[in-house]
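Descriptive analysis of the structure
Chain by chain, the residues:
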Amino acid sequence: MVFHARGLSKTYVMGEVEVHALRDIDLDIREGEFVVLLGPSGSGKSTLLNILGGLDAPTSGEARWRDHDLVNAGEAELTRYRREHVGFVFQFYNLIPSLTVLENVELVQEIAEKPFDPRAALALVGLTERLDHFPSQLSGGEQQRVAVARAIAKSPDVLLCDEPTGALDYDTGKLVLAAIARVNEQLGTTTVIITHNAAIAGMADRVLKLGGGRIVGEERNECRLSPE
Ligand code: ADP
Ligand code: ADP
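Residues numbered from 1 in each chain as written. Chains lettered and ligands numbered in written order. Predicted model: local features only at pLDDT ≥ 70, side-chain atom pairs only at ≥ 80, totals over all residues. Heavy atoms only, no water.

- The name given to the chain in an unreviewed UniProt entry is ABC transport system ATP-binding protein, with Kaistia dalseonensis as the source organism.
- Of the chain, the UniProt comment under Sequence similarities (unreviewed entry) reads exactly: "Belongs to the ABC transporter superfamily." (UniProt positions renumbered as here; feature names shortened; annotations may be inferred.)

**Notes on helix α3 (residues 101-110)**
- All of the buried residues along α3 are Val 101, Leu 102, Asn 104, Val 105, Val 108 and Gln 109. Viewed along the axis of α3, the buried residues span an arc of 165°, placing them on a single side of the element.
- As for α3, its buried residues are in contact with α4 (118-124) and α5 (140-152). (Buried < 20%, exposed > 50% of the residue type's maximum accessible area, 1.4 Å probe, protein only. Helix = DSSP H or I, 4+ residues; strand = E, 2+ residues; numbered from the N terminus. Arc of directions from axis to C-beta. Contact = heavy atoms within 4.5 Å.)

**A word on the packing of α5 against helix α6 (residues 170-187)**
- Contact geometry of α5 with α6 gives a least axis separation of 9 Å together with a crossing angle of 20°. As the angle between them shows, α5 and α6 are arranged roughly parallel. Taken as a pair, α5 and α6 cross one another with a handedness that is right-handed. From α5, Gly 141, Gln 144, Arg 145, Val 148 and Ile 152 reach across to α6, where they touch Thr 172, Leu 175, Val 176, Ala 179, Ile 180, Val 183 and Leu 187.
- Considering only residue class, the contact of α5 with α6 consists of eight nonpolar, three polar and one charged. (Axes fitted to C-alpha atoms, helices over the stretch in contact; angles between N-to-C directions. Parallel < 35°, antiparallel > 145°, perpendicular 65-115°, else oblique. Left-handed = near helix turned anticlockwise from the far one by under 90°. Nonpolar A, V, L, I, M, F, W, Y, C, P; charged D, E, K, R; others polar.)

**Observations concerning the environment of Ile 152**
- With respect to the helices and strands, the residue Ile 152 is situated in helix α5.
- Residue class for Ile 152 comes out buried when judged on its relative accessible area of 0%.
- On a C-alpha basis, the gap between Ile 152 and Gln 91 in space is 16 Å, while along the polypeptide they are 61 residues apart.
- Here Ile 152 is in contact with Phe 116, Ala 121, Leu 124, Leu 159, Val 183 and Leu 187, once residues within four sequence places are set aside.

**Some remarks on the site of ligand 2**
- Within the structure, ligand 2 sits among Arg 130, Gln 137, Leu 138, Ser 139, Gly 140 and Glu 142.
- Ser 139 has a polar backbone atom sitting 3.4 Å from an oxygen atom of ligand 2.
- When isolated, ligand 2 has an accessible area of 560 Å², and the protein chains bury 38% of it.
- Partitioned by chemical class, the residues of the shell around ligand 2 number one nonpolar, three polar and two charged. (Near = heavy atom within 4 Å. Polar contact = N/O pair within 3.5 Å; in protein donor to acceptor, adjacent residues only side chain to side chain. Areas by Shrake-Rupley, 256 points an atom, 1.4 Å probe, with all protein chains shown as cover.)

**Structural notes on the sheet that holds strand β4 (residues 60-65)**
- Ordered by their spatial adjacency, four strands build an open sheet running β2-β1-β4-β5, and the pairing between neighbours is antiparallel. Each end of this open sheet is capped by a strand with a single partner; those strands are β2 (17-29) and β5 (68-69).
- Across five bridges, the pairing between strand β1 (residues 3-14) and β4 is antiparallel. Each bridged residue has a counterpart across the sheet, and for His 4 the counterpart in β4 is Arg 64. (Pairing = 2+ DSSP bridges.)

**What about the nonpolar core?**
- Within the largest apolar cluster, 38 residues are counted, with the highest numbers of intra-cluster contacts made by Phe 34, Leu 122, Leu 159, Ile 180 and Ile 193.
- Of all the secondary structure elements, the ones that give two or more residues to this core are β3 (34-38), α3, α4, α5, β7 (158-162) and α6.
- For this core, the element with the highest residue contribution is α6, accounting for seven residues.
- Here Leu 159 is in contact with Gly 87, Val 89, Ala 151, Ile 152, Ile 180, Val 183, Thr 189, Thr 190, Thr 191 and Val 192, once residues within four sequence places are set aside.
- Counting 27 residues, the second-largest nonpolar core is a separate cluster that includes Leu 8, Leu 70, Val 86 and Leu 160. (Core = buried A, V, L, I, M, F, W, Y, C linked by side-chain atoms within 4.5 Å.)

**Quick notes on α6**
- Given a rise of 1.5 Å per residue, 18 residues ought to cover 26 Å, and the 25 Å separating the end C-alpha atoms of α6 matches this to within 8%.
- Considered for burial, the residues of α6 that qualify are Gly 173, Val 176, Leu 177, Ala 178, Ala 179, Ile 180, Ala 181, Arg 182, Val 183 and Asn 184.
- Following α6 by one or two positions, Gly 188 adopts a phi angle in the positive range, close to 75°. (Expected span 1.5 Å × (residues − 1).)

Structure below.
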């Protein structure tokens with residue numbers, strides 16, 4: 001398994017109020033799997049994704065990435081985990097406006113241990129024609145696809161996406177999701193994604209539904225739809 005979690009809980013304490021963001025989550029994600037987290041706002045999706053990405057620690061329970069304990073790891077170890085093994089895509093693209101599309105992706109590659117060809121990364125997300133353009137010349141969906149290419153330019157072991165389509169309309173979001181599905185299919189990168197875009201349903205291996213900090217439903221696709 002890439003991820004293995006047992007009894008994972010996260011409680012935020014704010015004065016006298018306790019918020020149970022995650023309650024007793026058991027989860028296994030296998031190598032190369034494409035998993036979608038669905039659920040209403042506040043159901044714990046981001047908290048779970050952040051724990052898997054080493055951005056946050058649970059209050060109790062176990063969480064492992066391969067042989068590595070994510071719960072008791074020190075900050076230095078978590079930083080290394082995030083830098084070397086995790087590609088993140090968030091709702092906002094955070095591209096550097098003064099650099100071209102290609103340069104934005106190359107920049108990440110310079111600090112990668114096992115870099116992936118930036119042109120190949122951009123081809124995978126369908127942006128071969130836009131290498132020399134600046135972010136301001138691209139639509140939102142195209143900018144997000146650059147962000148996906150940037151995330152995979154360091155050959156991460158896992159790709160974690162938190163509402164990558166949150167700022168996009170349905171059809172544009174669908175193209176971004178198809179690009180992510182293509183990455184998963186062709187590079188075999190284990191992918192966990194939070195999205196409300198219904199177009200994802202058929203492209204994923206598994207949809208996990210969260211509610212009130214628990215996993216309340218699970219659907220598996222025996223046969224995934226091609227992202228094309
Ligand atoms: P989702 O991603 O499904 O919208 P979150 O994981 O962001 O849900 O949040 C789950 C619950 O935890 C929510 O009630 C949210 O308000 C709370 N929460 C998240 N982050 C914090 C924080 N830093 N401090 C306090 N409460 C938080
Ligand atoms: P969206 O469909 O996301 O609203 P736009 O209507 O902004 O996108 O853009 C449509 C197309 O025009 C996209 O392919 C985008 O890259 C291109 N485009 C938008 N603005 C510019 C620009 N200033 N220079 C070059 N291409 C642009």
